[in-house]
Amino acid sequence: MSPADPLAALWTSAERTDGLEPRPGAQDDPGEGNYAFREMHEAVRNFDVIVVGGGHAGAEAAWACTNLGRRTALVTLDPAKIGVMSCNPAIGGLAKGQMVREIDALGGLMGLAADATGIMFKVLNSSRGPAVRGPRAQCDKHAYAEEVRRLLATRAEIDVIPGAVERLVVERGRVRGAVIARGGEISEIRAAALVLTTGTFMRGLMHTGERRTEGGRHGEAPAVGISAGLRDLGFELGRLKTGTPPRLERASIDWDALEPQHGDASPAPFSDLTDRARFPRSAQVECRITSTTPEMHALIRENLHRAPMYSGQIESAGPRYCPSIEDKVVRFADRESHHVFLEPESHRDSWVYCNGVSTSLPADVQERLVRGMPGCARAVILRHGYAVEYDMVRPHQIDACGMTKRIAGLFLAGQINGTSGYEEAAGQGLVAGLNAARWSMGMDPVTLGRERAYIGVMMDDLVTKTPVEPYRMFSSRAEHRLMLRSDNAADRLTPLAREWGLIGESSERWRLFERRRGEMGAIAAVVDAVKVAGGRLADVIRRPEFTVDDLALALAAAGAGGCSREAIETTHTERQYEGFIARQRAEIRRRGEMERRSIPGTIDYAEIPGLRAESREALARFRPATFGQASRLEGVTPADISLLMIVVRRSRGDRPGEGGEP
Amino acid sequence: MRGGDTIAAIASGAVQARRGILRVSGPGVGAALRSMAGADPAPSVGGAPVAAACRWRVGSRLACPALLVRSFAPRSYTGEDAAEVLLPGNPALLERCLAALTVLEGVRLAEPGEFTARAFLHGRVTAEQAEAVSWLIGARSVAEAEAARRLLRGETGARFAAWRDEIAACLALVEAGIDFTDQEDVVAIEAGVLRARVGAVLEEARAWLGASGPGVLVSGEPVIVLAGGPNAGKSTLFNALLGRARAVVSPTAGTTRDALAEPLTLPGGVRAMLVDLAGLDAAAAAGGGVDALAQRAADRALDAADVVVLCDPSGVFAMPGACVRAVERGAGVVRVRTKADLGRRGGEGCAAIAVCALDGANLGALRRALADAAAGTAGADRLALPRHVGAVRRLSEGAARAVEEARRTEGRGVGRPEIVADALRAALDAIGEVAGGVPPDEVLGRIFATFCIGK
């Protein structure tokens, strides 16, 4: 394969009919293709897992599968579009940045790709506490997608199969494979597990003013058959809307006249694997800030009747946190101006992303609109903004490992579950991919708790709440925010990744983690033993005015100066938050046993006497997998939970007092 | 139900009895006994229950003689460490003791049926027994929810809701300063402003709890007084409502002399004190001797009434002076045409309930009317369930933590907003348990409604 053209490698691998199988354990040395010969069926090709969709959920799912050495088919409408950033070419941010760190700690792909292609790195909230800092990177969109494709191509277990999923093959309530259509040809592939990541493509419909185009992304066809197929299988679908702003030609903007926005002076990478000496790899860029004007707001008001969100052309719900410029002008009528951030999308082209003016107004209005912004009087639009409506599968139909309750072996991840954002998609992709791989190996599913990861918070929210808008992660959704920090992602998750087989014993990641663990232990020993001016270091370190630098100095003075800055920072943070974290841990311990206790899927809520109607309805709809999930359903009271516990225990065969009780 | 907690509840009924029982179960029983009774009895050989006399702490300066029966896991009703405390059977005292207990770290009020649920889970009762209890849980949780709903309908409810909304508003402002600092529109709340706003809630909550330490303010059920002329059938009705022959009845007018008071549980779990009076008679009051004393006792009872039940077999419902005063004070009025079996007519203009206490006709309707009238009264508002006391106490703790953190960083924005938010979230969840919760998504909703978020 030629490194310059990773796509060619994928195509080759997709077309490959030689029946080659990767060497077991090849997952931890990217770049090697060491094959052993394997029997191959003629018509129907067999895989361990099929991943449908090559976006951020699909890529991460396929990657996770290969981390477990599973032979994976990645089915996508257009292999050239794998890893594409459809909207803002940025990774991370508040809460999202923590998720990228978590993905990385679990052996994922996103952090590596962002680090390799970032053109502006910035830690948001850097002046605030460590629990609420969010690393963010703007990436070169072309380089990013290419890097994702390059990384996937290093995994010999992945076969990229171009085509559309015509239908899922389901036998006796279990996934068996998928029928793929490409051109006029129909073929079938088989696997015990299938991860569906259709993004905005399921019955995607794009709106720019009165003009409507079928498709999931500009210039790309929608996925049509799959919606109907899912409905036929009994799934309840919903419809959501999201939008994207116009892209401008950089040369048409009076760039230097506008106020610049810089990244961090010393950028920090997402991934623990990224070589600090060779970072950042790309030249860093600046953004520019401009704004909307009262004249623009007037223009928008005059043309509201042509905006699909207001003309009634779109009825699905869009996100409150990412309103279109039409929404902003209507809902915040007293504001005379809104900021607009002009962000270069790539070193390879001159496209500029207009962050702040997501719109589905007609093209002619968009043209006049963008020229109203200071510095943009001659601005040329390279692509108009549009809104896209798409089908989702209402997420109460999956469980916290991503598998649907209705069809065994069928997993859903990403926007199909009603979420928004690359990081949310990737997090679900990882969870679904991991569990699809485990399912194909006959292993039990694994989940992340709310106290363990933002990804766990997200999965739990998805399976216990009714979505009203595309779900986006915010740090305020995590009740254990002080524990879910970007600095301790590896401490929280890398041991789990090791246990679950996502990373190998001899991997670089595990070696780095062990080193960090050793350092943390050494630092703790010093902190607990040493006395400094003002008392014991263990007490002094908790004072809010005691900084990380103070700790580094104290450690150096005590002869323990060789530790990494990261380990010192985490120690400092945990000691500063100690009392608060202890309180949260106590709460988690109290709830722990109840939180994980499982509820059998066979339970019939209609048969439970004394359950209130509201509660019965919520339980029957969501079918919670654990008592923890049940207790978070709207309308379910503690009394209902007591009742349910009795019933569950009874249904397990009238053997009170057995099995895992405290 | 949450496992791992230590749970407590009053195990005896609401009706006045000579002995009341407080039941506690869970890993924290030993610590709770040491705190409330001064000592935790040592286990006997073989783990059989141990009984001990003690002085049970009621308030900061008050203790009450009690008998303690301590059982040890797994040989207890629930299969966990457990204790039963036998106290004098005064409902107000019991609730006060319970409130003091549930303020302890790790101890909370038991949910309906939770003792039995735990007993079943530990194999201490059979599935058949648990089945019966599961029916009860359903019924009781509905009743409790109804009682809480009625309580919150009054002034207390408005106050709780105001605290909750203010804490939620402050939390939204703090969270906006965390999750949306990159938004032009968002201005983080000043530490001083935050301290003032949360401090105001804290002050009110502390005032509500009272100044005398844990376990106050649980008393004063609404008082329902049966009033009417002599021989109106009040005592017969009194007995019928209680379901037992508490008052002496006779066809002779003026049989009742003393005001009799008995606790009464009404539909929806509303508890009240039902009072029977001597028939109101202006001539008797003007006279002397025992009759005049009985009239004075009746007047005093009416002065404390939250609900006046006007009983009149004629359906005329003339209102004696003491009743007028009660109504002017804000007491509710329920009109009852007693002795409905006599089939008299009259007074159709008034909304009255025709009741025959002898055959029970319409007693159900009367009970519901009394429950409704009692729920909205000042008496109902004075009646704080232990659950509410505990919630307000935890609200105060969270608010105090937030205020302290804001004070530390005043003048420098909210220095550690994540710590302030942690405290406010704890406060909000606490008050949310009794006033309706505000989940994170609603806090976000407040942010989106206040600020223009979204690049």
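Draft legend 1. Geometry of the pattern of salt bridges. All names here are of chain A. As enumerated under the stated definition, the model contains 72 salt bridges over all chains in all. In this structure, Arg542 engages Glu578 in a salt bridge whose closest nitrogen and oxygen atoms are separated by 3.3 Å. Placement of Arg542 in the loop between helix H15 (537–540) and helix H16 (548–557) and of Glu578 in helix H18 (residues 578–596) is noted, with a sequence separation of 36 residues between them. Classification of Arg542 by relative accessible area gives partly exposed; the value is 38%.

Draft legend 2. Focus on the pairing of strand S7 (residues 223–228) of chain B. Residue and element names in this part refer to chain B. Within S7, six of the six residues are buried, leaving the element largely enclosed by the surrounding structure. Residues Val223, Val225 and Ala227 point to one face of S7 and Ile224, Leu226 and Gly228 to the other, with burial holding for every one of them. Sheet topology places S7 next to strand S9 (residues 271–276); four bridges connect them, and they run parallel. From the neighbouring strand, Val223 faces S9, where its bridge partner is Met273.

Draft legend 3. Layout of the packing of H16 of chain A against helix H17 (residues 565–576) of chain A. Residues and elements named next belong to chain A. In the contact formed by H16 and H17, the axes pass within 9 Å of each other and the chain directions differ by 115 degrees. Considered as vectors, H16 and H17 are oriented roughly perpendicular to each other. For the pair H16 and H17, the sense of crossing is right-handed. On H17, the residues touching Val548, Asp549, Leu551, Ala552 and Leu555 of H16 are Arg565, Ile568, Glu569, Thr571 and His572. Its residues placed into classes, the contact of H16 with H17 shows five nonpolar, two polar and three charged.

Draft legend 4. Quick peek at the domain arrangement of chain A. The assigned domain composition of chain A is domain 1 (10–18 + 41–84 + 141–243 + 390–491), domain 2 (244–386), domain 3 (505–581) and domain 4 (597–651). In this structure, domain 2 of chain A and domain 4 of chain A have C-alpha centres spaced 47 Å apart.

Draft legend 5. Spotlight on the interface of chain A and chain B. With 55 residues of chain A at the contact, the number on the chain B side is 56 residues. Of the roughly 5,100 Å² buried between chain A and chain B, counting both surfaces, carbon and sulfur atoms make up 59%. Per-residue buried area on chain A facing chain B is highest for Arg320, Arg590 and Ile646 of chain A; these three make up 12% of the total on that side. At the boundary of chain A with chain B, the tally comes to three salt bridges. In this structure, the connection of chain A to chain B is made through 10 residue pairs in polar contact (both at pLDDT 80 or more). When grouped by side-chain class, the residues that make up the side of chain A that touches chain B number 25 nonpolar, 14 polar and 16 charged.

Cut-offs and rules
- Numbers given for residues are sequential positions, taken from 1 along each chain in its written order.
- Written order determines the labels here, with chains lettered from A and ligands numbered from 1.
- Totals for whole chains, interfaces and linings use every residue, but because this is a predicted model, local features are given only for residues with pLDDT of at least 70 and side-chain atom pairs only at 80 or more, for both listing and counting.
- Think of the side-chain values as coming from all heavy atoms in the structure, minus any hydrogens and water.
- In what follows, salt bridge is the name for a side-chain nitrogen of Lys or Arg lying within 4 Å of a carboxyl oxygen of Asp or Glu.
- The secondary structure listing takes helices from DSSP runs of H or I that are at least 4 residues long and strands from runs of E that are at least 2 residues long, numbered from the N terminus.
- For the exposure calls, accessible area comes from a 1.4 Å probe over protein chains only, and a residue counts as buried if that area is under 20% of its type's maximum, exposed if over 50%, partly exposed in between.
- Two strands are counted as paired when DSSP detects at least two bridges linking them.
- Between the N-to-C directions of two axes lies an angle of 0 to 180 degrees, each axis being a line fitted to C-alpha atoms and, for a helix, fitted only over the stretch in contact.
- Each angle is binned into one of four classes, with values under 35 degrees roughly parallel, values over 145 roughly antiparallel, values of 65 to 115 roughly perpendicular, and all other values oblique.
- Left-handed describes a crossing in which the near helix is turned anticlockwise from the far one by less than a right angle; the clockwise case is right-handed.
- By definition, residues are in contact when any of their heavy atoms lie within 4.5 Å.
- Any residue that is not Ala, Val, Leu, Ile, Met, Phe, Trp, Tyr, Cys, Pro, Asp, Glu, Lys or Arg is counted as polar, Gly included; the first ten are nonpolar and the last four charged.
- Annotation comment: domain bounds sourced from an automatic or database domain assignment.
- We define buried area as the total accessible area lost by two parts upon association, computed with a 1.4 Å probe and summed across both.
- Pairs of N or O atoms are called polar contacts if they sit within 3.5 Å, as long as, within protein, a hydrogen donor faces a hydrogen acceptor (for residues adjacent in sequence, only side-chain-to-side-chain pairs).

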